[in-house]
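The primary structure of each chain is shown beneath.
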Amino acid sequence: MLIDAHVHLDKYGALLDRALKEINEQQIFTVATAMDVPSYLELQKIGERSELVLPIFGIHPRRAADYADRLPELSRHIETSPAIGEIGLDLHWVKDATTYPAQRKVLEYFIAAAGEQNKFVNLHTKAGEKEILDLLVKYDVRRAIIHWYSGPMDVLTAMIDFGCYFTIGVEVLYSGYIKEIAKAVPDHLLLTETDNPGALKWLKKNEEIGMPAVVNDVIAALATLRQATPEKIESLVHTNFCRLIANDPWLKSAHALLSR
Ligand SMILES: [Zn+2]
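All residue numbers refer to position in the chain's written sequence, counted from 1. Given that the model is predicted, a residue must reach a pLDDT of at least 70 before its local features are reported, and side-chain atom pairs must reach 80 or more before they are shown or counted; all residues, however, enter totals for whole chains, interfaces and linings. Excluded from the side-chain calculation are hydrogens and water; included are all heavy atoms of the structure.

Undergrad: Go over helix H6 (residues 153–162) with me, naming the residues and quoting the values.
TA: Given 3.6 residues per turn, any residue in an α-helix points the same way as the ones three and four places further on. Of all the residues in H6, the buried ones are Val155, Leu156, Met159, Ile160 and Phe162. Considered in projection along H6, the buried side chains sweep an arc of 160° and stay on one side of the axis. Away from the buried face of H6 by more than 90 degrees, exposed residues Asp154 and Asp161 are located. For the purposes of this entry, the term helix denotes a DSSP run of H or I that reaches at least four residues, the term strand denotes a run of E that reaches at least two, and both are numbered from the N terminus. Positive phi appears at glycine 163, one or two residues downstream of H6, with a value of about 100°. Type-normalised accessible area, obtained with a 1.4 Å probe on protein chains alone, sets the label of each residue: buried when under 20%, exposed when over 50%, and partly exposed for intermediate values. Taking the helix axis as origin, the arc is that swept by the directions to the C-beta atoms.

Now the structure itself:
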């Protein structure tokens, strides 16, 4: 089965039906990451429409400033969510540095909760890579997916040593540096994502809406880079995702579905 471990399904709007049809036809297990509370509530509704969609709750660093002063309100969503994300830091694309303390406060709250509740996390790490690794170590959060890693190679190595998983996405089709990262991630920590619908539009600065099947292009690129067949990469990523969620009481049905 194909794995798209980081997607913003609630952002498809009028194209949502088409996206869900593609997910079902191509059998793409989809981790639907939230940006904030309304986004999570929407994803929960979408999740009811396909067993392949796993909605998870987080507050994106871009939305952190709106939530930093009312964190206890979030606990009921954190407690019911099977995993945590999208959370993280963005100290690069988010230019307003006055939001950084709020980003840090929200991130630490979520990582602490993930540690306590033993849930996997799905992380945005732009320019906060080392800080985020330090938090994972501090709260002993061993199951982490680092989404679209583009940071320094030495932190990548430290994250690999800690056992973080890495989602490679569409930028592997365009960027030499991302190709280097995609080659450096060891087999057992490799995952795939699309970060759709917005990733292609953002990368190519056009109006292209990324559809779920784009994950096949990522797999083809990984196969070329890692001198493997696309079938081998697909099965490797599937095995890795199964290992990540194995024995997770929150993800029994997902694990059963992936083991079918
Ligand atoms: Zn994202």
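After that view, the rundown keeps rolling.
Undergrad: Please set out the packing of helix H9 (residues 215–225) against helix H10 (residues 230–245) residue by residue, giving values where relevant.
TA: Throughout, an axis means a line fitted to C-alpha atoms (over the contacting stretch in the case of helices), and angles, computed between N-to-C directions, take values from 0 to 180 degrees. Closest axis-to-axis distance for the H9/H10 pair is 8 Å, and the angle between their directions is 110°. When the axes of H9 and H10 are compared, the pair comes out roughly perpendicular. Facing H9, whose interface residues are Ile219, Leu222 and Ala223, H10 presents Pro230, Ile233 and Glu234. Any residue that is not Ala, Val, Leu, Ile, Met, Phe, Trp, Tyr, Cys, Pro, Asp, Glu, Lys or Arg is counted as polar, Gly included; the first ten are nonpolar and the last four charged. Per-class residue counts for the contact of H9 with H10 are five nonpolar, no polar and one charged. Working rule for angles: under 35 degrees goes down as roughly parallel, over 145 as roughly antiparallel, 65 to 115 as roughly perpendicular, anything else as oblique. Throughout, a contact is declared for two residues whenever any of their heavy atoms are within 4.5 Å.

Undergrad: For the sheet that holds strand S4 (residues 84–88), give the residues involved together with the corresponding values.
TA: Within a beta sheet, neighbouring strands are joined by backbone hydrogen bonds and run either parallel or antiparallel to one another. Should DSSP find at least two bridges between two strands, the strands are taken to pair. Taken in spatial order, the five strands make up an open sheet running S4-S5-S6-S7-S8, and their pairing is parallel. Either end of the sheet is taken by a strand with one partner, and the two such strands are S4 and strand S8 (190–192). Each adjacent strand pair in this sheet contributes to an overall mean axis angle of 30°, direction not counted.

Undergrad: Outline the pairing of strand S1 (residues 2–7), listing residues and values.
TA: Of all six residues in S1, six are buried, a share of seventy percent or more. Taken together, the four bridges between S1 and strand S2 (residues 28–33) define a ladder with parallel strand orientation. Pairing of aspartate 4 across the sheet is with threonine 30, part of S2. The definition of a right-handed crossover adopted here requires that, viewed with the strands pointing away, the path from the first strand over the helix to the second runs clockwise. This β-α-β element, S1 to helix H1 (residues 16–26) to S2, shows right-handed connectivity.

Undergrad: Before we move on, can you summarise the packing of aromatic side chains with the specific residues and values?
TA: Only Phe, Tyr and Trp rings are paired, with Trp represented by its six-membered ring, and only when their centres lie within 6.5 Å; those with planes under 30 degrees apart are stacked, over 60 edge-to-face, the remainder tilted. Overall, the coordinates contain eight aromatic pairs when judged by the stated rule. Between phenylalanine 57 and phenylalanine 110 the ring centres are 5.6 Å apart and the planes differ by 55°, which places this aromatic pair in the tilted class. On the criterion of sequence distance, the pair formed by phenylalanine 57 in the loop between strand S3 (53–56) and helix H3 (75–80) and phenylalanine 110 in helix H4 (residues 100–117) is long-range, its members being 53 residues apart. Between tyrosine 149 and phenylalanine 166 the ring centres are 5.9 Å apart and the planes differ by 90°, which places this aromatic pair in the edge-to-face class. One end of the pair, tyrosine 149, is in the loop between strand S6 (144–147) and H6; the other, phenylalanine 166, is in strand S7 (residues 165–168), and 17 residues separate them in sequence. Residue classification places tyrosine 149 among the buried residues on the basis of a relative accessible area of 3%.

Undergrad: Which residues make up the layout of surface pockets, and what are the values?
TA: Here the largest pocket is characterised by a volume of approximately 610 Å³. Cavities and pockets were defined on a 1 Å grid built over protein atoms only: a cavity is a set of grid points that admits a 1.4 Å probe from which the probe cannot escape, a pocket is an open set flanked by protein on both sides within 12 Å along at least five of seven lines, and lining residues are those with an atom within 4 Å of any such point. As for the largest pocket, its lining consists of 25 residues, of which His60, His124, Trp148, Asp195 and Trp202 are closest to the centre. A per-element tally of the lining of the largest pocket places helix H8 (residues 199–204) first, with three residues. For the lining of the largest pocket, the per-class residue count stands at seven nonpolar, nine polar and nine charged. Empty space within the second largest pocket amounts to approximately 200 Å³. Grid points are joined across faces, edges and corners, and a volume is the space filled by probe spheres set on the points.

In short, geometric facts, not functional conclusions.
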